[in-house]
Amino acid sequence: MAQVTSIRGFKDIVPDEVGKWHYVEAGARSVFSLFGIREIRIPILEKTELFVRGIGETTDIVEKEMYTFKDRGEDLLTLRPEATASVLRAFIEHHLYETDPLVKLFTIGPMFRRERPQKGRFRQFHQINVEYIGQDDPRIDAELIFMLMYLLQSLGLESLNLEINSLGCAQCRKPYRPELVAYLRNHDGELCQDCLRRLETNPLRIFDCKAESCQKILVDAPVMLDTLCHSCRHHFDTVQQYLGELSIHFTLNTRMVRGLDYYTKTAFEVTAQSLGAQNAVTGGGRYDGLLKLLGGPDMPGVGFAIGVERLISMIPRSNEDFIEHPDIFIAALGARAQGYAFLLAQALRRAGIKTEMDYSPRSLKGLMKRSDRLHCRYTLMVGDDELDAKNASLRNMATKEQAALHLSSVEEDARSLASMINGNNRKPADASGEKG
Ligand code: HAM
């Protein structure tokens, strides 16, 4: 029968790769706990309206990239393309604003965007997402960026570029928009078809355009940063001041607008050249009007999302470093020895020892090979005759040292093996230390 394969842009994470994912997630959780950031788990499916309203109707994500379908002809639903809108929906729905003046949340999970798959770009990808909701003190932006850089560096990432910008507030956008539109109109002959449309609907999005002709025009375009109101200017200056005091290096990127409409004031991205064309490992920023736009209280927020696939591709260690190996392999020869091995394996696991055995009728050589391939620390060798003589052999797979182990009962044998493996200095009974 023909094989059913996975969907283009949807990737499996196979067991040899999973160790790195655990490492990253554990690293993130431990840093988050230092900063009092609590986990929230949210559904991957939401009403489409949440993203249309939150991310913006004329963004690429909403216009072209969402997986949207009618639920049995009823509600219009969408697989979440990002987490911020969902976290805020949950924040409103559960009145989390009543719990603390500054609510710090993180969530980890898959997102879905129907983009053209390429290196570092998938249709299902994962994000580690953090949101600080409730206050707009510039030190909060600085803390969030500090925490992000600390996390990325603690995971071993190097050569990162932090780019920051300010996108101002509704008040300072008012004079900026006509200025930008006037400039672009003067060059509309050189704009791509998409940008001509964006000029009418959402001119700021033109900064996201990858077309060379549009990029050329944007070099001299007026930027938001030059039109900031007094309060946004002060906010941005303070963010930069504190980043400096925290020794966080950054560059100003006045053309960075981020691909989602909700951003206000501070916006930032962390990029790395080693990632190639899809070079952003993290994107984030402040979104002071979003909560209100989603029907919640008028409260500010700031956050970021790390692309986990991109982050993992930058970890300078091999998958092998993260693979957990068994403590012991039981190589049993003969029907009775296999029966004993089966019970011993379960008793050892109950005692916290990672144990493997083999259920197929293999030779001792075959069993040792398998133990070797699994990188087991020890192999216990026991055949029917050894079982009768109550004497098995324990081999240290690294040193090749072999010791005799006196057998008593399954429970007793498991106990002595466990204490030996756990390094309790209690050698197995009768260990003679002969070399094998
Ligand atoms: P974003 O810039 O759209 O921001 O995505 C954040 C990160 O997700 C990117 O920097 C990238 O590493 C990763 N990413 C995005 N799309 C893909 C893809 N197709 N394949 C692989 N990785 C991808 C947001 O999503 C905002 N919600 C971030 C945020 C949180 N802003 C405030 N709070």
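Residues numbered from 1 in each chain as written. Predicted model: local features only at pLDDT ≥ 70, side-chain atom pairs only at ≥ 80, totals over all residues. Heavy atoms only, no water.

Student: Would you take a moment to explain the pattern of salt bridges for this structure?
Tutor: With the rule as written, the count across this model stands at 30 salt bridges. A salt bridge links R139 to D137; the nearest nitrogen and oxygen atoms lie 2.8 Å apart. Looking at D137, the relative accessible area reads 25%, which means it is partly exposed. R258 is the salt-bridge partner of E269, the closest N and O atoms lying 2.9 Å from each other. Of this pair, E269 sits in strand β9 (residues 264-271) while R258 sits in the loop between β8 (251-252) and β9, placing them 11 residues apart in sequence. Accessibility classification places E269 together with R258 in one group, the buried group. (Salt bridge = Lys/Arg side-chain N within 4 Å of Asp/Glu carboxyl O. Buried < 20%, exposed > 50% of the residue type's maximum accessible area, 1.4 Å probe, protein only. Helix = DSSP H or I, 4+ residues; strand = E, 2+ residues; numbered from the N terminus.)

Student: Looking at this structure, I do not really get the side chain of D358. What am I missing?
Tutor: Note on placement: D358 falls in the loop between β13 (355-357) and α13 (364-373). Overall, D358 belongs to the buried group, its relative accessible area being 5%. At 2.5 Å, the side chain of D358 forms a polar contact with the side chain of S360. Within the structure, D358 has its side chain in polar contact with the side chain of R362 (distance 2.8 Å). In this view, D358 contacts F329, I330, Q338, L367 and R370; residues no more than four positions away in its chain are not counted. (Polar contact = N/O pair within 3.5 Å; in protein donor to acceptor, adjacent residues only side chain to side chain. Contact = heavy atoms within 4.5 Å.)

Student: Got a minute to help me understand the site of the ligand in this structure?
Tutor: Around the ligand there are 27 residues in total, and E82, E115, F122, Y263 and A280 lie nearest to it. Contact distances for the ligand include 2.5 Å between a nitrogen atom and a side-chain N or O atom of E82. With respect to the ligand, the backbone of G307 contributes an N or O atom lying 3.4 Å from an oxygen atom. Counting only elements with at least two residues in the shell around the ligand, the list comes to β6 (124-133), β10 (280-286) and β11 (301-307). Of all the elements, β10 adds the most residues to the shell around the ligand, at 6 residues. For the shell around the ligand, the per-class residue count stands at 10 nonpolar, 10 polar and 7 charged. (Near = heavy atom within 4 Å. Nonpolar A, V, L, I, M, F, W, Y, C, P; charged D, E, K, R; others polar.)

Student: Explanation requested: the pairing of β9 in the structure shown.
Tutor: Across the 8 residues that make up β9, a large majority, 8, are buried. In the sheet, strand β7 (residues 161-166) pairs with β9 via 6 bridges, with the strands oriented antiparallel. Bridge pairing in β9 links N165 to A267. For β9 and β10, the ladder comprises 6 bridges, and the chain directions are antiparallel. Bridge pairing in β10 links T264 to R286. (Pairing = 2+ DSSP bridges.)

Student: Sorry, what's going on with the state of the cysteines here?
Tutor: Here a disulfide denotes a covalent bond joining the sulfur atom of one cysteine to the sulfur atom of another. Counted by the stated rule, this structure contains 0 disulfides. Free of any disulfide, C169 has its nearest neighbouring cysteine sulfur in C232, separated by 3.6 Å. (Disulfide = S-S within 2.5 Å.)

Student: What's the story with the nonpolar core in this structure? I'm lost.
Tutor: Nonpolar side chains in soluble globular proteins tend to end up buried together. Ranked by size, the top nonpolar core spans 102 residues in total, and within it F32, V130, Y132, M147, L152, L184 and I306 carry the most contacts. Excluding residues within four positions of it along the chain, L184 makes contact with L191, L199, P203, I206, I217 and L218. Counting residues in hydrophobic clusters, the runner-up holds 25 residues, among them Y340, A345, L405 and A418. (Core = buried A, V, L, I, M, F, W, Y, C linked by side-chain atoms within 4.5 Å.)

Student: For this particular structure, what's the right way to read helix α2 (residues 48-55)?
Tutor: One turn of an α-helix holds 3.6 residues; hence residues three or four places apart share an orientation. The set of residues buried in α2 consists of T48, L50, F51, G54 and I55. Taken down its axis, α2 places every buried residue within 160 degrees of arc, on the same side. Where the residues of α2 are buried, they touch β2 (45-47), α3 (60-65), β3 (67-70), β4 (76-79), α4 (84-93) and α10 (290-293). Two residues or fewer past α2, G56 is found with a positive phi of approximately 115 degrees. (Arc of directions from axis to C-beta.)

Student: Even after reading the chapter, I still don't get helix α7 (residues 193-201), so can you show me in this structure?
Tutor: Of all the positions in α7, only C195, R198 and L199 are classed as buried. Taken around the axis of α7, the buried residues stretch over an arc of 110 degrees, which confines them to a single face. More than 90 degrees from the buried face of α7, the exposed residues found are Q193 and E200. Along its buried surface, α7 packs onto α3, α6 (170-185) and α8 (212-218).

Student: Whenever I open this one, the sheet that holds β13 confuses me. Can you help?
Tutor: Across the sheet, which stays open at both edges, the 5 strands sit in the order β13-β12-β14-β15-β16 with mixed pairing between neighbours. Each end of this open sheet is capped by a strand with a single partner; those strands are β13 and β16 (402-406). Averaged over neighbouring strand pairs, the angle between their axes works out to 25 degrees when direction is ignored. Examined bridge by bridge, strand β12 (residues 328-333) and β13 share 3 bridges and lie parallel to one another. Directly across from I330, in β13, lies its bridge partner M357. (Axes fitted to C-alpha atoms, helices over the stretch in contact; angles between N-to-C directions.)

Student: Just checking my understanding: could you explain the packing of helix α12 (residues 335-350) against helix α15 (residues 410-421) for this structure?
Tutor: Two quantities define a packed helix pair, namely the angle between the helix axes and the distance between the axes. Between α12 and α15, the least distance of the axes is 9 Å, while the angle of their chain directions is 50 degrees. Regarding the angle of α12 to α15, the classification is oblique. Note on packing geometry: the crossing formed by α12 with α15 is right-handed. Residues Y340, L343, L344, A347, L348 and R350 of α12 lie in contact with α15, whose contacting residues are V410, E411, D413, A414, L417 and A418. For the contact of α12 with α15, the class distribution of residues is 9 nonpolar, no polar and 3 charged. (Parallel < 35°, antiparallel > 145°, perpendicular 65-115°, else oblique. Left-handed = near helix turned anticlockwise from the far one by under 90°.)

Student: Where do I start with the sheet that holds β4 in this structure?
Tutor: Within a sheet, neighbouring strands are paired by backbone hydrogen bonds and run either parallel or antiparallel to one another. Strand order in the open sheet formed by 3 strands is β2-β4-β3, and the pairing between neighbours is antiparallel. The open sheet is flanked by β2 and β3, the only strands paired with a single partner. On average, each strand axis in the sheet is tilted by 35 degrees relative to the strand beside it, whichever way the strands run. Across 3 bridges, the pairing between β2 and β4 is antiparallel. When the sheet's bridge partners are listed, K47 is paired in β4 with L77.

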